[in-house]
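Understanding the architecture of this molecule
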Amino acid sequence: MNFGFSYMGLIFLTMLMVPNIVWTKNRPKDYEKYVSHENKVLLVFERIGEVLVTCVALIFSDFNIRTGSVWILWLVAAMILMLLYEIYWIRYFKSEKTMKDFYSSLFGIPVAGATLPVCAFFLLGVYGKNLWMLIAVIILGIGHIGIHLNHRKEITEV
């Protein structure tokens, strides 16, 4: 693991953050009703994971492009997942913006808005051979995907 700025980490974080910033003005109908029921333990995991993933993505140069190695395929796979994440958001922003739209699947990937970026950052960690990223993403995934699955369960029970 090598300390140094990661432009790939910045690119991934930008792809993650920009749609989320736009989302703040396009939240689903009744969203606040569901947020109040979030599992506090999962919320702690999510928040800690968000901070760790953000920091690790930026401070290790391991995620920058290295040519001449088959490991680049992990980076390509991670980038494909992030592109699917952008497609998820385009579809959401064009929708009626309901809770069902927000917690929908994409190409069979459940709660795509949570699952795709978590998996992408995990593959980025594999590509960078960076244990800290893998640990951070697991913490994030437990919280973020867990919360989204709980919300999806709530909306299907209504």
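Use the structure listed above.
Our subject in this report is the structure included herewith. All figures in this text were calculated on a predicted structure; none of them were measured in a lab.

Rules of the game
Residues numbered from 1 in each chain as written. Predicted model: local features only at pLDDT ≥ 70, side-chain atom pairs only at ≥ 80, totals over all residues. Heavy atoms only, no water. Core = buried A, V, L, I, M, F, W, Y, C linked by side-chain atoms within 4.5 Å. Buried < 20%, exposed > 50% of the residue type's maximum accessible area, 1.4 Å probe, protein only. Helix = DSSP H or I, 4+ residues; strand = E, 2+ residues; numbered from the N terminus. Contact = heavy atoms within 4.5 Å. Phe/Tyr/Trp six-rings, centres within 6.5 Å; stacked < 30°, edge-to-face > 60°. Lys NZ or Arg CZ within 6 Å of the ring centre and 35° of its normal. Salt bridge = Lys/Arg side-chain N within 4 Å of Asp/Glu carboxyl O.

**Points about the nonpolar core**
If you look at the biggest cluster of nonpolar residues, it comprises 42 residues, and the most contacted ones within it are Phe12, Met82, Phe102, Phe121, Leu124 and Met133. Residue assignment for this core shows that the elements contributing at least two residues are helix 1 (7-23), helix 2 (31-35), helix 3 (40-59), helix 4 (72-94), helix 5 (99-102), helix 6 (112-128) and helix 7 (131-157). For Leu124, the contacting residues outside a window of four places in its chain are Phe12, Phe63, Leu75, Ala78 and Met133.

**Quick word on the packing of aromatic side chains**
Going through the model one piece at a time under the given rule, you end up with 14 aromatic pairs. Ring geometry for Tyr92 against Phe93: centres 5.6 Å apart, planes inclined by 65 degrees, an arrangement best described as edge-to-face. Looking at Tyr92, the relative accessible area reads 1%, which means it is buried. Given the relative accessible area of 24%, Phe93 is considered partly exposed. Among the aromatic residues, ring-to-ring pairing joins Trp23, Tyr31, Tyr85, Tyr88, Trp89, Tyr92, Phe93, Phe102 and Tyr103 into one connected group. Here the guanidinium or amino end of Arg66 rests over the ring plane of Tyr127, the centre of that ring lying 4.3 Å away.

**Looking at the pattern of salt bridges**
Counted by the stated rule, this structure contains 3 salt bridges. Across the pair Glu46 and Arg47 runs a salt bridge whose closest N-O atoms are separated by 2.8 Å. The class of Glu46 is buried, set by a relative accessible area of 6%. Looking at Arg47, the relative accessible area reads 43%, which means it is partly exposed. Among the salt bridges present, the one from Glu50 reaches Arg47, with a minimum N-O distance of 3.5 Å. Here Glu50 and its partner Arg47 are both found in helix 3, 3 residues apart, which amounts to about one turn of the helix.

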